[in-house]
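Okay, here's what each chain looks like letter by letter:
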Amino acid sequence: MSPRVTFPNKLLPYLLVAPQLAITLVFFYWPASQAIYQSTLREDPFGLDSAFVGIDNFRRVLADPNYVNSIQVTVIFSIATAVLAMAVAMFLAVMADKVVRGKGFYRTLMIWPYAVAPAIAGMLWLFMFNPSMGTFAYMLRSAGIYWDPLLNGPQAMFLVIVAAAWKQISYNFLFFVAGLQAIPKTLVEAAAIDGAGETKRFWTIIFPLLAPTTFFLLVINTTYAFFDTFGIIHAVTGGGPGKATETLVYKVYNDGFVNLILGESAAQSVILMVIVIALTAIQFRYVEKKVHYG
Amino acid sequence: MATVELKGVRKVYGGGVEAVKGVDISIADKSLCVLVGPSGCGKSTLLRMIAGLETITHGTASIDGRVVNEVGPAERDIAMVFQNYALYPHMKVYDNMAYGLRNRGMKKDEIDARVKRAAETLELSALLDRRPRELSGGQRQRVAMGRAIVRNPKVFLFDEPLSNLDAKLRGQMRVEIKNLQRALEVTSVYVTHDQLEAMTLADQLVVMNGGLVEQIGKPLDIYEKPASTFVASFIGAPPMNLLGTVTGGKGAPLTVADLSDLGLSVPPGTTTVGIRPEDIEQGDHAGEGLKTRLTVEAVEPVGAESFLHGTANTHRLVVRVPGRSIAEPGAVLPIFAPRAKLHFFDANGKRVEG
Ligand SMILES: Nc1ncnc2c1ncn2[C@@H]1O[C@H](COP(=O)(O)OP(=O)(O)OP(=O)(O)O)[C@@H](O)[C@H]1O
Ligand SMILES: [Mg+2]
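Residues numbered from 1 in each chain as written. Chains lettered and ligands numbered in written order. Predicted model: local features only at pLDDT ≥ 70, side-chain atom pairs only at ≥ 80, totals over all residues. Heavy atoms only, no water.

In the annotation of an unreviewed UniProt entry, chain B is listed under the name ABC transporter ATP-binding protein and assigned to Tianweitania populi. Annotation of chain B in UniProt includes, under Sequence similarities (unreviewed entry), the sentence "Belongs to the ABC transporter superfamily." (UniProt positions renumbered as here; feature names shortened; annotations may be inferred.)

As annotated in an unreviewed UniProt entry, chain A carries the name sn-glycerol-3-phosphate transport system permease protein UgpA and comes from Tianweitania populi. Per UniProt, chain A has the following entry under Sequence similarities (unreviewed entry): "Belongs to the binding-protein-dependent transport system permease family." We quote the UniProt Subunit (unreviewed entry) comment for chain A here in full: "The complex is composed of two ATP-binding proteins (UgpC), two transmembrane proteins (UgpA and UgpE) and a solute-binding protein (UgpB)."

This is the structure in structure tokens:
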């Protein structure tokens, strides 16, 4: 434990955290309280008047089959995105760990996609897989696959998953590379002497020892897929076709800002907030404590 | 059960560092060979080449008569104990020991029997359910040993296995390793830079310096007849007094005047005379030998013996005297070393007989 820093001046500490507090207040607590307030109101069709309805908005949202569909979409999307992004990143990190010459060069290249804005990442994949002009769409069609994500729900889902995962690979890669470097080389050597082949070493030594990193990334990636993929979905599918890729976050936007059902949209954001808090709590509880070896 | 043979072994690391520059060692069956030398002399590199963890740039390594240059570490039938133990942190002690057996597809009850037997030998039976982080340094060391002996390999390789332990435990484990190696009769190669470990453990001692072997032999033979000034100063604590210089040595070269000052006749070519601190006697003695007067500068009592540090004719000397020394700093003592106990070295630092 490092010794606690103490300030002789009572006011100074508050001044020092004030900017951070102000930002949090303006950009989180204020909108959050607005959302909670909104979620208890219902507007008349013309938006001229609103009435207090208690938890009625929540009841309606949870009873809405579209909302249940959206939950399903989100779960599939998030798990697939997280697993894909992490599996590819882990594979690349393990490969990059073996490179002897030009290690830094490979790593730098791998990190670049992270700097690409979500919407642009989405556009990139949209172009490549655009049924009428995309290169990959052309290749898929010549391979005999009828490719049309604009009409085919699962294909649209596949496209947003790939686009969302692609962007996250760099981030995961960085953490896996660091995680791999933290595994003492002698452990791998000891396992080699103990007769474990390369694959076996990976699954019995490296993978378990990467568990803390993997778990941390699982939480981060799930959170990312839940909340930070709006831009990609908006650019690639707009939630379609027919709500096939409408995640919870996208639905909040769709209901609130497109369909102007403010009360229910606010109720949905409050539910989302609860999910974020739960995920964060899990992260703090487990990432910090559980999955560590000494 | 196996011999180990190194022929003209060299190692050049990527980047051009030549860590081992041509080493020939042949290790007899069931014997314990200790590689000793200063840091960076290539001991670990040599050991890792025997283990198959490093490729051999030139030359051959053979185990039991079979050249193993192209054989993977798993197929060489060796076990290695690492300096940091390299225990698998996510596995219990039991699984740490069983891992190598499972990988070789051994039957469950056979594994169980072997692990239990090894645990008993090493007094680990009560700790089998613990994870490495719940063990003390000494216990971890035992687990690392256990992991090596359950496999019943042809060769044990140790890379400074005791250097993370405190002095007392190190002494204890040293004896245990020796006994274990004797009992199991497994050919072993042991790397250390601790000359006490080297002297006490070795059947065959290999002194290395700068990627080359300086001398191979029985520990006491090396102690009594060091082949070079390097070996003379490396084996023995405190090190042998070297009067005069060779390249890299301390002090001024011996001149004819010096030698007559010291009252010595030396073999031709000698530029350095070596005397072990314990071979120097106090007082005036008759007979041929080194006779001079020591001006005491410091006294180090270590209990059973004392070390007197001082100068004689501008040469620095350490003298070992039994028990407490009555000499005080500033005292001038007559000292004598019989000629038979002196070591002579030429300008290249090589031993000259005479
Ligand atoms: N992977 C490597 N790449 C390049 N050079 C290396 C590598 N490993 C070791 N060396 C160099 O080879 C030489 C011998 O190293 P080695 O580890 O064998 O020494 P050592 O005798 O075991 O020393 P210590 O007692 O400090 O363990 C050193 O100069 C070291 O810098
Ligand atoms: Mg070493």
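Caption draft 1: Looking closely at the site of ligand 1. All names here are of chain B. Ligand 1 sits among Tyr13, Ala19, Ser39, Gly40, Cys41, Gly42, Lys43, Ser44, Thr45, Glu160 and His193. Here an oxygen atom of ligand 1 and a side-chain polar atom of Ser39 are 2.5 Å apart. Interatomic distance of 3.2 Å between a side-chain N/O atom of Glu160 and an oxygen atom of ligand 1. Burial of ligand 1 by the protein amounts to 61% of the accessible area it has alone, namely 630 Å². Top element by residues in the shell around ligand 1 is helix α1 (residues 43–51). It accounts for three residues. Its residues placed into classes, the shell around ligand 1 shows three nonpolar, six polar and two charged. (Near = heavy atom within 4 Å. Polar contact = N/O pair within 3.5 Å; in protein donor to acceptor, adjacent residues only side chain to side chain. Areas by Shrake-Rupley, 256 points an atom, 1.4 Å probe, with all protein chains shown as cover. Helix = DSSP H or I, 4+ residues; strand = E, 2+ residues; numbered from the N terminus. Nonpolar A, V, L, I, M, F, W, Y, C, P; charged D, E, K, R; others polar.)

Caption draft 2: Main features of the interface of chain B and chain A. Taken residue by residue, the interface counts 23 residues in chain B and 20 residues in chain A. Buried surface at the junction of chain B and chain A, both sides included, amounts to about 1800 Å², of which 61% is carbon and sulfur. Our count for the chain B to chain A interface comes out at two salt bridges. Connecting chain B to chain A are twelve residue pairs in polar contact (both at pLDDT 80 or more). When grouped by side-chain class, the residues that make up the side of chain B that touches chain A number 14 nonpolar, four polar and five charged. (Contact = heavy atoms within 4.5 Å. Buried area = accessible area lost by both parts, 1.4 Å probe. Salt bridge = Lys/Arg side-chain N within 4 Å of Asp/Glu carboxyl O.)

Caption draft 3: Quick peek at the packing of aromatic side chains. Overall, the coordinates contain 14 aromatic pairs over all chains when judged by the stated rule. Taken together, a centroid distance of 5.1 Å and an interplanar angle of 40° make the contact between Phe175(A) and Phe216(A) tilted. With a gap of 41 residues between them, Phe175(A) in helix α7 (residues 153–181) and Phe216(A) in helix α10 (residues 211–227) connect regions that are remote in the sequence. The class of Phe216(A) is buried, set by a relative accessible area of 17%. With a centroid separation of 5.8 Å and 65° between ring planes, the pair formed by Phe156(B) and Phe158(B) is classed as edge-to-face. What makes Phe156(B) buried here is its relative accessible area of 5%. Given the relative accessible area of 3%, Phe158(B) is considered buried. Note that Arg147(B) overlies the ring of Tyr88(B), its terminal NZ or CZ placed 4.7 Å from the centroid. Directly above the aromatic system of Tyr223(B) lies the positively charged group of Arg276(B), at a separation of 3.9 Å from the ring centroid. (Phe/Tyr/Trp six-rings, centres within 6.5 Å; stacked < 30°, edge-to-face > 60°. Buried < 20%, exposed > 50% of the residue type's maximum accessible area, 1.4 Å probe, protein only. Lys NZ or Arg CZ within 6 Å of the ring centre and 35° of its normal.)

Caption draft 4: Fine view of the sheet that holds strand β7 (residues 155–159) of chain B. Residues and elements named next belong to chain B. An order of β6-β7-β8-β3-β9-β10 is seen for the six strands of this open sheet, with the pairing classed as mixed. Only two strands of the sheet have a single neighbouring strand rather than two, namely β6 (78–81) and β10 (212–217). Within the sheet, the average angular offset between the axes of one strand and its neighbour, ignoring direction, is 15°. Note that β6 and β7 share four bridges and pair parallel. Directly across from Ala79, in β7, lies its bridge partner Phe156. Across the face of the sheet, α1 comes into contact with β3 (32–36), β6, β7, β8 (187–192) and β9 (204–209) while running at roughly 150° to β7. (Pairing = 2+ DSSP bridges. Axes fitted to C-alpha atoms, helices over the stretch in contact; angles between N-to-C directions.)

Caption draft 5: View of the UniProt feature "transmembrane region" (unreviewed entry) in chain A. Residue and element names in this part refer to chain A. UniProt annotation of "transmembrane region" (unreviewed entry) refers to residues 12–32, 71–96, 108–129, 201–220 and 266–287 when read in the numbering used here. For residues 12–32, the end-to-end C-alpha separation is 28 Å, with 100% helix and 0% strand making up the annotated structure. When the span residues 71–96 is considered, its composition is 100% helix and 0% strand, and the gap between its end C-alpha atoms is 37 Å.

Caption draft 6: Here's a closer look at the side chain of Thr229(A). Residues and elements named next belong to chain A. Mapped onto the secondary structure, Thr229 falls in the loop between α10 and α11 (230–236). Residue Thr229 is classed as buried on the basis of its relative accessible area of 1%. Contact partners of Thr229, with chain neighbours within four places excluded, come to Phe77, Ala164 and Tyr224.

Caption draft 7: Local environment of the domain arrangement of chain B. Once the domains are mapped, chain B shows domain 1 (4–224) and domain 2 (238–352). Here the C-alpha centre of domain 2 of chain B lies 38 Å away from the C-alpha centre of domain 1 of chain B. (Domains from an automatic or database assignment.)

Caption draft 8: Here's a closer look at the nonpolar core. Judged by nonpolar contacts, the single largest core of 63 residues is most densely connected at Phe176(A), Ile25(B), Leu35(B), Leu46(B), Met80(B), Tyr88(B) and Leu157(B). The next biggest cluster of nonpolar side chains, apart from the first, holds 47 residues, and it includes Ala148(B), Met173(B), Ala202(B) and Ile235(B). (Core = buried A, V, L, I, M, F, W, Y, C linked by side-chain atoms within 4.5 Å.)

Caption draft 9: Summary view of the environment of Phe127(A). Residues and elements named next belong to chain A. Considering the arrangement of structural elements, one finds Phe127 in helix α5 (residues 118–128). Once the C-alpha coordinates of Phe127 and Ala137 are considered, the two residues, ten residues apart in sequence, prove to be 9.1 Å apart. For Phe127, the residues in contact, after removing those within four places along its chain, are Met133, Gly134 and Thr135.

Caption draft 10: The arrangement of the sheet that holds strand β1 (residues 4–12) of chain B in detail. Residue and element names in this part refer to chain B. Pairing is antiparallel across the open sheet formed by four strands, whose spatial order is β2-β1-β4-β5. Lying at the two open borders of the sheet, with one neighbouring strand each, are β2 (18–27) and β5 (66–67). Judged from the five bridges that link them, β1 and strand β4 (residues 58–63) form a sheet pairing that is antiparallel. Residue pairing for β4: Val4 is matched across the bridge by Ile63.

Caption draft 11: Summary view of the pairing of strand β16 (residues 315–322) of chain B. All names here are of chain B. The pairing of strand β15 (residues 305–312) with β16 spans eight bridges and is classified as antiparallel. Bridging from a neighbouring strand, Leu308 pairs with Val319 of β16. Hairpin connection of β15 to β16: two residues between the antiparallel strands, including Asn313 at a positive phi of 50°.

Caption draft 12: Molecular detail of the confidence of the model for chain B. The pLDDT averaged across chain B works out to 88; a share of 94% of its residues lies at or above 70. In the model output, the complex is listed with pTM 0.80 alongside ipTM 0.84. (pLDDT = per-residue confidence, 0-100.)

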